[in-house]
Structures are given as structure tokens and as C-alpha cells.
Amino acid sequence: MFNNFFKRQWVVPYLFLAPALLATIAFKLYPIFIGLWESLIYTSFGGGVEKRSFVWFENYQYLFDDPLFWQSLKITSILTIIINPFQIALSLGLALLLMRKSKFIRVIRSLYLLPIGVALPIATVVWGLMLDPYQGLANGFLGVFGIPPQPFLISEDQALWSIIAIATWKGVAFWMLFLLAGMEEIPTQYYEAAKIDGARPFEKFRFITLPLLKRTILFVFVADTATNFVLMVPMIILTKGGPMQSTNVLAFEAYRSGFYYQDWGRSLSIISILTIISLIVIGLQLLFLGENKEDRVK
Amino acid sequence: MIKHINKNWSIYAWYFIILIGLIITIAPFWWALASSFKDNVTIFAEVAPFSFWSMVPGTSLDPYYGIFQKGFGKAMVNTFFVSVVSVIGGIIINSMAGFAFAQFRFKGDNILFGFILLSFAVPADAIAIPLFKMMRQIGWFDTYYALIIPMLANGIIIFLFRQFFIGIPKELMEAARVDGLSWFGVYWKICMPLSRPVTLGAGLLLFVFQWESFLWPLIAAPSPDLHLIQVVLARFSTEYAPIWNQQFAASTIAGLLPLIFIYLFQKQFVSALTGVEQK
């Protein structure tokens, strides 16, 4: 009887799909619900006994009354507003530079792609030493031009910028790869026609490259934003959210609330807020990318 | 004449910008590599004030001995084990799912495909903390299970396999079916052997994902016996903060190995990342 069941046609695709689908439900979807559910629970440790109580939205209420949360939201917003356009502009510029024909273009391209292969923790550790105020290479290099040593990561004013620099060093090549692939798909006839019409380089960029690259740029923009929402590795390794909370983004605040202070209700409330924001962003992504579904699936 | 000068000028400007970009891109890693063969006194002396020698590799292997005495070898073995198992398991379950989506029309196929793509657009770091709570509930916390199993299914890889399988001629499979091959046989004996390029690219991606993962291993498997390479590296940078040369040595090994793999399989890697076949 069981044998019969497996021989039926309609079961076959579901059997192929089952392992990946179940794993996705268990380890991607279910944790989102755990996060939402546990954000409504308060855990106390009175007398060594863990006591869990369902408190509705109290964790959120505490969160919204806490200036640290708003400070953290502010830092996250500043980071988001600055880092994403900055990285997109830089990777777009770099992609344009690397579209140029040259004898060495293959070598140059692979060298520029190097940071993709360097994991973020490695980049963070090395850049942490680069930006050391006393013995770092950055200050040594600035000294050559007579610029006085900068405090970088230990300064309230410069720490966030330093982290933006580290994340950008690591991220730009990756996003550029998509833009480069998009640019190479644009038929060269367009540029040749524009050349005959006497178009200048900027006009070619403005009226050919940019419109035809719109979907790729949009995708990169949304994916980049979603990635940077949860940027916390440099904070975990280098700044611990400081100095003076100046790099304390929401993702790190969630990590710290949980793993430093065991305040899981708070931690998961923050995570839920972050997840909802990410889902909104992804929803927008699907909305925009969904328009031209036909030419994606050939 | 003027046009000629203009053209030259733009080429020089291009080279100049490219060069500056290259210095910023490469200098940190090159400095780490060069310094990983020096003692700390030399590293500090060559940086402040800045000397050209800071970019010339030293000859000492002591930093490398040092890190292997501090458990770096164990972390490498762990990482290799976790990565290889993830590659094998990941290729099997994701290619099967890709096969289902490419080969069959079934109830809810579009919805399920959309769901899988959507769920993987949620950044892994965002669900790391709730996933950690789940691992504690089911008793996988601080085991290899936690490091491997939640990372196996991957929407990008499913998408890559699906795209590739769609391109395989249907007649081939129908002929095999007529000859009495089961659907699993079609998948395993016809489709998989044909999809070596995408398997290689997908395997490389899965390997690099595990090799580079940090936050998840940090919180899911805190005992030193299970530490993976990035976790150990981060631990060095706080526990042994003054010992720069060992941090550089650890960074060099952790950074260089995937770079070598990526270099060897550059074409597959790029096409796997962008989903575009390179010419």
C-alpha cells in the first residue's frame, strides 16, 4: 500500500521538494514566529528559578519608553540613510570604471573583487588594526601627508564613519558584480548608435546605461539595504556599540540585550521590529521586480 | 591634436583613479600578509612613522606557530568538516528542490517557489537570535547539528539549480522515463551528471557561506571545541589584542584559503553569484 503511494504521480514533486521545504519552514519561517511569540514573554530569574510570564506588549512598551532604544533607532537610521546610497553610488562608479577596455582589465577586475572573498570578520579585525590610533597603518599613511593622527574607532564622532568605511570596503565589490553583469547585458549597438549621434559619455550613461540598469540597481539597492539593517559584526568585534553608544545600531542592541543581559524579551522585541522592517523592504522589492517577471524566466 | 591630448588625459585620469582604488582595496590585506611574518616590535616601528618596509613581507614563522598553539588548527579542522558536510547536504537537498520546480507543474508550485525565495531574502543575522532559542528548545544548542543543519537549505542555490534544470531538453528525460527509469533515476542519473558547472558553483557558494559564517557559530556553539575559524579569529582580536602578528597570521590563513578556491573556480563563482552565464 505504501509502495503504491510513492508510485502516484502527484506525490513525486512534493517528495523532491520535501527536505528543502521542511528545512526552510523549520529554520527560516518558524524562528520568525518564535521571535514574535517570545517578544511577548518576560523572563525573570528570581532565586535562580527561571520564571516565564506572558506579558502582552509590555516588552515593547518598555522599549518605547527607553531613550536607549530611540538612540539606537536613530543610529540605525543614520547608518541606513548614509551607507546605502554611498555604497550604490560607489559600486556604480566602480562598475563604470571597470567597463573600460584595457590590456590589464582582467587583472584589475579580479583585484577589485578581492574583498568579496574576504569574510567580514577578517575585514573587521584587519581594519581594526589599520585604524588603531597609535600604531595603525591609516595614521601612519596620513602622517606622510602631514595629517595629525585621527582617533577613528575610539572617537564618538568618527566611529560610525569608520564602520561605514569598513563595511563599504567589504561590500562594494559584491554589489558592483551585479551592476557589472547588468551592464554587460546591454547591447553594444545602443552605444554605437549613440556615438554616431554624437552623444557625450555622460549622455550615454544618463540615457542608455541608467534606464537599462534600473532593475539591477533597484535589486542591489534593496538587497544592500536589507543587509545593512542587520550589520553588527564590526560592532560585536570592535566597538561594542560605543564609544558613548555612537555605533549602537538596533541589531547590536538586540544582540547585547540577549547575550550580555539575558533580557530575551527585549532582544526579541527589537528583532521583531527589525524583521518587520526587512519584510516591508522585501515586499517592496517583489513589488518592483515583479513587473517584468517574464523576461527574467526565459 | 587637441582631441588627441584629451584622449590621453582621460586615460591617465582613469589609471590614476584605478590605482588609488586598488591601493585602498589591497593595502589592508597586503599589510596583514606582510606583517604576519614579523615580530610585533618591527610591525609597530615600521608603521609610525610610516615606512615603505611595512609593506614588505618579513620572514618569521613564529606568528603561525603561535596561532596553532592557541587552537587555530582545531578551528580549521572544525570549519573544514562543517563546510564539507554542508556542501554535500546542501547540494543534495537544494538540487532536489530545484528539480521539482523545474520539472513538474504541481499544486501550489508558484506559491512555494515564491515562499522559498522570499524566506531567503530575510537576512540570516535577523533570525539568528530566535533560531538560537529554538536550538536550545530542541537540544541542538552547542552541537554540530546547530552549525550545519539550519544552514543547508538555501533559496539562491535552489534557484540556480532550477534555472539550470529548465535548460535540459525534456525529450531526454521522457525517453528515459519510457525506458523505465524512475523519477529519482532521472534526477540522479541524467540531470545531476549534466549539471557539473552549476554543482561546482553551488558547492563553492555553500563552502564559502560556512567558511565565512561568524554570528551564527558564535552564538549557536560557544564551547571552544566547536569554534569555527571566524569565531577564533574574533576571539584572538579581543583575548590577545596586543599580539598583532598572530591576528594577522590568523587573518591571512582564514582569508587566503577561500580566495584560492575562488580564484581556481572564478568563472563558476561569478556566474553562480550573479546567475548570469559568463562568456
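The structure we're discussing is the one just above.
Not measured: the values here are computed from a predicted model. Once a new chain begins, its residue numbering starts again from 1 and follows that chain's sequence as written. Chain letters start at A and ligand numbers start at 1, both assigned in the order the entries are written. Local features in this predicted model are restricted to residues of pLDDT 70 or higher, and side-chain atom pairs are both shown and tallied only at a pLDDT of 80 or more, whereas totals for entire chains, interfaces and linings draw on every residue. Excluding hydrogens and water, the side-chain values take into account all heavy atoms of the structure.

1. Here we look at the overall build of chain B
Stated precisely, the cut-off is as follows: Secondary structure elements are defined from DSSP: runs of H or I of at least 4 residues count as helices, runs of E of at least 2 residues count as strands, and each element is numbered from the N terminus. Atoms counted for the radius of gyration: C-alpha only. Globule rule: 2.2 Å times residue count to the power 0.38. We call two residues contacting when some pair of their heavy atoms lies within 4.5 Å. By the counting rule applied here, Lys and Arg register as positive and Asp and Glu as negative, while His and the ends of each chain are not counted. For this purpose, a charge sits on NZ of Lys, CZ of Arg, CG of Asp or CD of Glu.
Counting its secondary structure elements, chain B contains 15 helices and zero strands. Whereas a compact globule of 279 residues would reach a radius of gyration of roughly 19 Å, chain B reaches 24 Å, over 25% beyond that. Its C-alpha atoms give chain B principal-axis dimensions of about 75 × 70 × 30 Å. Considering only contacts within chain B whose residues lie at least 6 apart along the sequence, 75% involve residues at least 24 apart. Of the side chains in chain B, 17 bear a positive and 13 a negative charge, and the two mean positions are spaced by 8 Å.

2. Quick word on the overall build of chain A
Put simply, the rule reads: Working definition: with a 1.4 Å probe on protein chains only, accessible area under 20% of the residue-type maximum means buried, over 50% means exposed, and in between means partly exposed. Each accessible area value is a Shrake-Rupley result obtained with a 1.4 Å probe; residue values ignore everything except the protein chains displayed when judging cover.
Helix and strand counts for chain A stand at 16 helices and two strands. Compactness check: chain A gives a C-alpha radius of gyration of 24 Å against a globular reference of 19 Å for 298 residues, more than 25% above the reference. When each of the 298 residues of chain A is scored for burial, the buried share is 51%. Here chain A displays about 15100 Å² of accessible surface, and carbon together with sulfur accounts for 67% of that area. In chain A, the 24 positive side-chain charges and the 19 negative ones have mean positions that sit 11 Å from each other.

3. Section: a nonpolar patch on the surface
Residue and element names in this part refer to chain A. Heads up, the rule is: Two distance rules govern patches: like charges are joined within 9 Å, and nonpolar side chains (Val, Leu, Ile, Met, Phe, Trp, Tyr) within 5 Å, applied only to residues with over 30% relative accessible area and no salt bridge. We define a salt bridge as a side-chain nitrogen of Lys or Arg found within 4 Å of a carboxyl oxygen belonging to Asp or Glu.
There is a patch of nonpolar side chains on the surface, built from Y30, F33, L36, I276, I280, L284 and L287 and spanning about 690 Å² of accessible area. Taken together, the elements giving at least two residues each to the nonpolar patch come down to α2 (11-38) and α15 (264-289). You can see I276 is positioned in helix α15. You can call I276 partly exposed: its relative accessible area is 46%.

4. Focus: the interface of chain B and chain A
One widely used convention gives an interface's size as the accessible area the parts lose upon coming together. Here is the rule we go by: Throughout, buried area stands for the accessible area (probe radius 1.4 Å) lost by two parts on being put together, summed over both.
The partner chain A presents 84 residues to the 90 residues of chain B that form the contact. A combined buried area of about 7700 Å² lies between chain B and chain A, and 78% of that area is made up of carbon and sulfur atoms. In terms of surface lost to chain A, no three residues of chain B exceed W14, I129 and K133 of chain B, which account for 9% of the buried area on that side. Counting the contacts that link chain B with chain A gives one salt bridge.

5. Description of the packing of aromatic side chains
Using the following cut-off: Between 30 and 60 degrees the pair is tilted, below 30 it is stacked and above 60 it is edge-to-face, where a pair is any two Phe, Tyr or Trp rings, Trp via its six-membered ring, whose centres lie within 6.5 Å. Charge-over-ring placement is defined geometrically: NZ (Lys) or CZ (Arg) within 6 Å of the ring centre, and within 35 degrees of the ring normal.
Enumeration according to the criterion identifies 57 aromatic pairs over all chains in this entry. Summarising the aromatic geometry, the rings of W56 of chain A and F57 of chain A are spaced 6.5 Å apart at their centres and angled 35° between planes, so their arrangement reads as tilted. F57 of chain A shares its class with W56 of chain A; the two are exposed. Their ring planes at 75° and their centres at 5.1 Å tell us that F69 of chain A and W70 of chain A sit as a pair that is edge-to-face. Among the residues examined, W70 of chain A registers a relative accessible area of 43% and is labelled partly exposed. For the cation-ring pair, K70 of chain B lies above Y240 of chain B, with the distance from its terminal atom to the ring centre recorded as 4.6 Å. One Lys or Arg, R136 of chain B, reaches over the ring of F141 of chain B and ends 6.0 Å from the middle of that ring.

6. Some points on the environment of F81 of chain B
Residues and elements named next belong to chain B. Within the element layout of this structure, F81 appears in helix α4 (residues 72-103). You can call F81 partly exposed: its relative accessible area is 41%. Taking the C-alpha atoms as reference, F81 lies 9.9 Å from L228; in sequence the two are 147 residues apart. For F81, the residues in contact, after removing those within four places along its chain, are Y144 and I148.

7. Considerations on helix α8 (residues 155-166) of chain B
Residues and elements named next belong to chain B. Put simply, the rule is: What a helix should span is 1.5 Å times the count of its residues minus one. In protein, a polar contact means a hydrogen-donor-capable atom and an acceptor-capable atom, both N or O and within 3.5 Å, with residues adjacent in sequence counting only if both atoms are side-chain atoms; elsewhere, any N or O pair within 3.5 Å suffices.
The end-to-end C-alpha distance of α8 is 16 Å, a good match for the 16 Å that twelve residues give at a rise of 1.5 Å each. Of the positions making up α8, those classed as buried are G155, I157, I158, L160, F161, R162 and F165. Sitting at the head of α8, N154 places a side-chain oxygen 2.9 Å from the backbone nitrogen of I156.

8. Let's talk about the side chain of Q87 of chain A
Residues and elements named next belong to chain A. Checked against the element boundaries, Q87 lands in helix α4 (residues 67-98). A polar contact of 3.4 Å, which involves the side chain of Q87, links it to the side chain of T168. Those residues in contact with Q87 that sit more than four places away from it in its chain are A167, T168, V172, W175, D224 and N228.

9. A few points about the environment of L113 of chain A
Residues and elements named next belong to chain A. By the secondary structure assignment, L113 is in the loop between α5 (105-112) and α6 (114-117). Looking at L113, the relative accessible area reads 18%, which means it is buried. Along the sequence, L113 and L98 sit 15 residues apart, while their C-alpha atoms lie 11 Å from each other. Apart from the residues lying within four places of it in its own chain, the contact partners of L113 are A173, M176 and L177.

All we've got here are geometric facts, nothing functional implied.
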